Amino acid sequence: MFQKILIANRGEIAVRIMKTCREMGITTVAVYSDVDTAALHVMNADEAVHVGQAEPSESYLNIDKIIAAAKDTGATAIHPGYGFLAENAQFAQACQDNDITFIGPSAEVIRNLGDKIIARNIMAKSGVPVTPGITVDSSDHSAWAQAAESIGYPVLIKAASGGGGKGMRVVYSPDNLKESCETAASEAKTAFGDSTIYMEKYLDRARHVEIQILCDSQGNAIHLLERECSVQRRHQKIIEETPSTALTEDLREKMGQAAITAAKASGYVNAGTVEFLLDDTGKFYFLEVNTRLQVEHPVTEMITNVDLVKHQIEIAAGRPLSITQKDIVGQGHAIECRIYAEDPENNFFPSPGKIQFLKEPTGPGIRNDCGVYTNFEVPVEYDPILSKLIVFAETRNLAIQRMIHALRCYAIVGVKTAIGFMLDVLSSEPFQKGDTYTNFIDVHFGDWKPVLSDKEIACAAFLADNFLTGKKDSINSKTQSEMPSLWQQLGNFRL
Ligand code: MV4
């Protein structure tokens, strides 16, 4: 087993990974940039190496500096987290070239699955269902027109190097086909340095359901059930849950097996996620494989009681999986809300700044994977995720109720968040009915306006905190028994 692991990331995910390392008796090395000298992940690590300026290319994305930091500290493995270098084949290769274990799949697998056309072809060949689709020479427009006719409109133009929805174009009629292909190709060139595009049948009204997999280097592969991630805005997931309200036991088994087939067909080793679109008739189609630990992995951990990071580390160390498919039994229901520094009154644009006060929700079935603390200045340079609030309960309804409770107890002052928005989504009838499709937010919350300002919501939780922790003197001088239940007042005030 590794003695020392370097975590090539920051924020909540770096903190999360360090927790498992500590439990396993592994020493951790943090890396940090100029604006992260006081970041939580630095304080949580045993050692920390300054790697450069705030710009990601100078620090968290700088392969040479990260490799040097591992060598200088004697770390023999690197966990990349998500984002930054997590799905960078060049980085995985650089680790290998320097005798450092990359905690993730091989460079070759990352490269193959990173190319969505290659990934699609691997899956189609091994019997994993893919949407009707065609790759043709991007300069031959008559070939495109023919392809679209044979697939049938609407079609979706995707970038071969894309993923996460970047560079996609829906085309409803032949009139805009040429133009859409050209814009998609040029967008892809700008974003990924690769203008290769391909075409698929566009599936309207589908759900995004993904399967977590774990594969060891001995050829054992298991799946850890599904995550429903349909509730998203502009390809940014907002709320994730497991199990999906859309799966029957039979469908779950079929999708799980398809994910294992996908893993074996691509030579996958370590933790990964196979994304599918699921339509109303129970048909599902391969989308892509995410070759990393995902943001939403905690919901899977909650219902399976499996520490995914621990298994990632054991697999990377060459150990066989210590669990089998029979050990994976989903229990109860888990929901995650992503808490970003974002402004719901300004299109949910990032709103970094100084955290003036933070009170994390706690209690039975509540987990908050947090990367910030009171007085920390959220840098403008990075993804403004503050934490992920995850709840677990026996049933979906109880989990929703618990999440509403936890969100109401979550006080964040100093930066704006979408906690009020999340509360409205969780309280809504379509969400409670499990009527979650990828267009859920646009359809039901496209014109959402806050009733209470973000400040009011944070203040309510702040006041509640002062009250509950006995600092009531700062609110008024009455003793607790003389006061009307502030908690009750706040409850009425807030919803
Ligand atoms: C699709 C699709 C409909 N039809 N492919 C978006 C992210 C990338 N992984 C693929 N995506 C989609 N591919 C076909 N043939 C709809 C989406 C899509 C989507 C998928 C998952 C979650 C949210 C989404 C939002 C819009 C579109």
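A brief look at the structure comes next. (Residues numbered from 1 in each chain as written. Predicted model: local features only at pLDDT ≥ 70, side-chain atom pairs only at ≥ 80, totals over all residues. Heavy atoms only, no water.)

1. Considerations on the overall build of the chain
- In terms of helices and strands, the chain carries 17 helices and 21 strands.
- Along the longest, intermediate and shortest principal axes, the C-alpha atoms of the chain span 80 × 55 × 45 Å.
- The proportion of buried residues among the 495 residues of the chain is 55%.
- Excluding contacts between residues fewer than 6 apart, the proportion of contacts in the chain whose partners are at least 24 apart in sequence is 65%.
- Put simply, the chain shows about 20500 Å² of open surface, and 49% of that area lies on carbon and sulfur atoms.
- Mean positive and mean negative side-chain charge positions of the chain (47 and 63 charges, respectively) differ by 3 Å. (Helix = DSSP H or I, 4+ residues; strand = E, 2+ residues; numbered from the N terminus. Buried < 20%, exposed > 50% of the residue type's maximum accessible area, 1.4 Å probe, protein only. Contact = heavy atoms within 4.5 Å. Areas by Shrake-Rupley, 256 points an atom, 1.4 Å probe, with all protein chains shown as cover. Lys, Arg positive; Asp, Glu negative; His and termini not counted. Charge placed at Lys NZ, Arg CZ, Asp CG, Glu CD.)

2. Focus on the site of the ligand
- The environment of the ligand is formed by 18 residues, the closest being Lys-158, Glu-200, Lys-201, His-208 and Glu-288.
- For the ligand, a nitrogen atom lies 2.9 Å from a polar atom in the backbone of Leu-203.
- Note that a nitrogen atom of the ligand is positioned 2.7 Å from one of the side-chain N or O atoms of Glu-288.
- Taking 520 Å² as the accessible area of the ligand by itself, protein coverage stands at 91%.
- Those elements giving two or more residues to the shell around the ligand turn out to be strand E7 (155-159), strand E9 (197-201), strand E13 (270-278) and strand E14 (284-290).
- Tallied by class, the residues present in the shell around the ligand amount to six nonpolar, seven polar and five charged. (Near = heavy atom within 4 Å. Polar contact = N/O pair within 3.5 Å; in protein donor to acceptor, adjacent residues only side chain to side chain. Nonpolar A, V, L, I, M, F, W, Y, C, P; charged D, E, K, R; others polar.)

3. Focus on the packing of helix H7 (residues 141-151) against helix H8 (residues 177-192)
- In contact at an axis separation of 10 Å, H7 and H8 are set at 110° when each is read in the N-to-C sense. The orientation of H7 with respect to H8, classified from their angle, is roughly perpendicular. Residues His-141, Trp-144, Ala-145 and Ala-148 of H7 lie in contact with H8, whose contacting residues are Leu-177, Lys-178, Cys-181 and Glu-182.
- Classifying every residue of the contact of H7 with H8 by side-chain character gives five nonpolar, one polar and two charged. (Axes fitted to C-alpha atoms, helices over the stretch in contact; angles between N-to-C directions. Parallel < 35°, antiparallel > 145°, perpendicular 65-115°, else oblique.)

4. So, the pairing of strand E15 (residues 333-340)
- Burial within E15 is extensive, with eight of its eight residues counted as buried.
- Residues His-333, Ile-335, Cys-337 and Ile-339 line one face of E15 and the alternating positions Ala-334, Glu-336, Arg-338 and Tyr-340 line the opposite face, and both faces are buried.
- Direction of pairing for strand E12 (residues 236-242) relative to E15: antiparallel, over a ladder of four bridges. Among the inter-strand pairings, Glu-241 is bridged to a residue of E15, identified as Ile-335. (Pairing = 2+ DSSP bridges.)

5. Section: the sheet that holds strand E8 (residues 169-171)
- On the basis of which strands lie adjacent, the open sheet formed by four strands has the order E6-E9-E7-E8 and antiparallel pairing. Here the strands that pair on one side only, and so sit at the sheet edges, are strand E6 (133-134) and E8.
- Where E6 lies against E9, two bridges are found, and the strand directions are antiparallel. Each bridged residue has a counterpart across the sheet, and for Gly-133 the counterpart in E9 is Glu-200.

6. What to know about the sheet that holds strand E1 (residues 4-7)
- The five strands are arranged E3-E2-E1-E4-E5 in an open sheet whose pairing can be described as parallel. Each edge of the sheet is formed by a strand with only one pairing partner; in this case those strands are strand E3 (47-52) and strand E5 (101-102).
- Strand direction decides the pairing type here: E1 and strand E2 (residues 27-33), joined by four bridges, are parallel. The partner of Lys-4 across the bridge, within E2, is Thr-27.

7. Things to note about the packing of helix H3 (residues 63-73) against helix H4 (residues 89-97)
- Across the interface, H3 lies against H4 with an axial gap of 11 Å and an inter-helix angle of 30°. In terms of axis orientation, H3 runs roughly parallel to H4. The handedness of the crossing between H3 and H4 comes out as right-handed. Where H3 abuts H4, its residues Ile-63, Ile-66 and Ile-67 lie against Gln-90, Phe-91, Ala-94 and Cys-95. (Left-handed = near helix turned anticlockwise from the far one by under 90°.)

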